[in-house]
Amino acid sequence: MVPESDREKAVELKQTPLHTIHKEMGAKMVPFGGWDMPVQYTGIIQEHLATRSAAGLFDVSHMGEIFVTGKEEDLLNFLESVTCNTIASMKTGQVQYNAVVNEDGGLVDDITVYKFNESKYMICSNASNYPAVTKHLVKYNNGKVTVVDDSKNWHQIALQGPNADAIFSKYLGKDLSSILYYHFEEMNWKGETIIVSRTGYTGEDGFEIYTSNTLGVTLWKDLLEIGKDFGLVAVGLGARDTLRLEAKYPLYGHELNAEWTPVESGINFIVKEKPAPYLGYERIIADKKNGPKRKIVGIRLMEPGVLRENFPIFSSDGKEIGKSTSGTHSPSRKESLGLAILETEFTKNQTEVFVEIRGQKKLAKVETGAFIQGSVRNNR
């Protein structure tokens, strides 16, 4: 989970505005994506289960916020040319899961796109990738739109879990039921305009909340206090990873990278045909129409052991057919599960495969359905 390069450059790690508070709370800190981040406070399993049953609060202020502005036609032409989902279908106040693609059909990053109006969009990009995303957008900008990486001026925390709505509604003194899943609202709060988005990375209902850095620190403290009666706990990167794996959400550097197309990476539902081709269009659409030679699927270990990344996977006749990309022991299901990239002929539900763990081949099964049924609102 922690890149080797980060361990080697620990002295150069960036810190979020909540860094001091994390340490005061007794968090165990680790390098992640160039940042010094909390991996856990009280324990990964406890934090994971609290988020599934009540609520969890996450520091995600290391994420990037890139604003793209301009005339409507110019904006659409530009954004459609660098992403694989259809921007033109978005409505004001909508959030869209999308991906910035490169010339070869691989991914620069998976992103969420926020439409404020016809002349203003925001791209939320992963912590280690937003400089690369910004550079990529600037490279393909024909000068008709403005691309600004404003990440340093924005703070983001995520409030997730079945009690998230009740907690934040009480805090704001406002009914938030009008904010549908994958939609957002701008609100005036404590003298500034904040962004409240019903999105997340856990499979549970909840919000990602964008504020100034100063207000973000205040909001973190206030929510932990008001959320006590609702079972709210602070959650680190460890449980963030187990939660996203149970929800089958991909992570850049694991299921997503610069070489694999969105179809191979298991996010083919965001790949759309467009009148004007985007970067890597021919390869991506060929994968979409004809099926890729390999793709990401869920797998579940049927024997004792813990699934981790980069374990070789074999067919029943001993042929190596792929590798695991992420793995964990699921706190919710109490079994080992994860994601893997396999040759497509072995990706049907319940196909038996074998994962090599410490020299032993362990039986596993492909699982194409959901690992968990969370509280997330499926009404995009």
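Residues numbered from 1 in each chain as written. Predicted model: local features only at pLDDT ≥ 70, side-chain atom pairs only at ≥ 80, totals over all residues. Heavy atoms only, no water.

Visitor: Just checking my understanding: could you explain helix H5 (residues 130-140) for this structure?
Guide: Each α-helix winds once per 3.6 residues, and so residues spaced three or four apart point in a common direction. Within the sequence span of H5, burial applies to Tyr-130, Val-133, Thr-134, His-136 and Leu-137. Taken end-on, H5 shows its buried residues confined to a sector of 165 degrees, consistent with a single buried face. Residues of H5 that are exposed and angled more than 90 degrees away from the buried face: Lys-135 and Lys-139. (Buried < 20%, exposed > 50% of the residue type's maximum accessible area, 1.4 Å probe, protein only. Helix = DSSP H or I, 4+ residues; strand = E, 2+ residues; numbered from the N terminus. Arc of directions from axis to C-beta.)

Visitor: What's the story with empty space enclosed by the protein in this structure? I'm lost.
Guide: Over the atoms a probe the size of a water molecule is rolled, and this reveals where empty space is left. A complete count under the given rule lists one cavity of 30 Å³ or more for this structure. Residue lining of the largest cavity: Met-37, Pro-38, Phe-58, Asp-59, Val-60, Val-235, Gly-236, Leu-237 and Arg-240, and that is the complete set. Taken together, the elements giving at least two residues each to the lining of the largest cavity come down to strand E2 (35-40), strand E3 (55-59) and helix H8 (237-246). In the lining of the largest cavity, the residues fall into six nonpolar, one polar and two charged. (1 Å grid on protein atoms, 1.4 Å probe; cavity = no way out; pocket = protein on both sides within 12 Å on 5 of 7 lines; lining within 4 Å. Points joined across faces, edges and corners; volume = space filled by probe spheres on them. Nonpolar A, V, L, I, M, F, W, Y, C, P; charged D, E, K, R; others polar.)

Visitor: Is there a simple way to explain the domain arrangement of the protein chain in this structure?
Guide: Interface size is commonly expressed as the accessible surface area that is lost when the partners come together. Here the protein chain is described as being made up of domain 1 (18-61 + 153-246) and domain 2 (293-371). Measuring from the centre of the C-alpha atoms in domain 1 to the corresponding centre in domain 2 gives 31 Å. Contacts between domain 1 and domain 2 engage eight residues on the former and eleven residues on the latter. In this assembly, domain 1 packs against domain 2 so that about 740 Å² is buried in total across both faces, 64% of it on carbon and sulfur atoms. Of all residues in domain 1, Thr-242, Leu-245 and Glu-246 give up the largest surface area on contact with domain 2, accounting jointly for 69% of the area buried on that side. (Domains from an automatic or database assignment. Contact = heavy atoms within 4.5 Å. Buried area = accessible area lost by both parts, 1.4 Å probe.)

Visitor: Where do I start with the pattern of salt bridges in this structure?
Guide: Side-chain pairing between opposite charges can occur once the charged atoms of the two side chains come close. Inspection of every chain in the model, using the stated rule, returns 18 salt bridges. One salt bridge in this structure joins Glu-335 and Arg-300, with 3.4 Å as the shortest N-O distance. Of this pair, Glu-335 sits in strand E17 (residues 335-343) while Arg-300 sits in strand E14 (residues 294-301); the two residues are 35 residues apart in sequence, bridging distant segments of the chain. Take Glu-335: its relative accessible area is 17%, and that puts it in the buried class. (Salt bridge = Lys/Arg side-chain N within 4 Å of Asp/Glu carboxyl O.)

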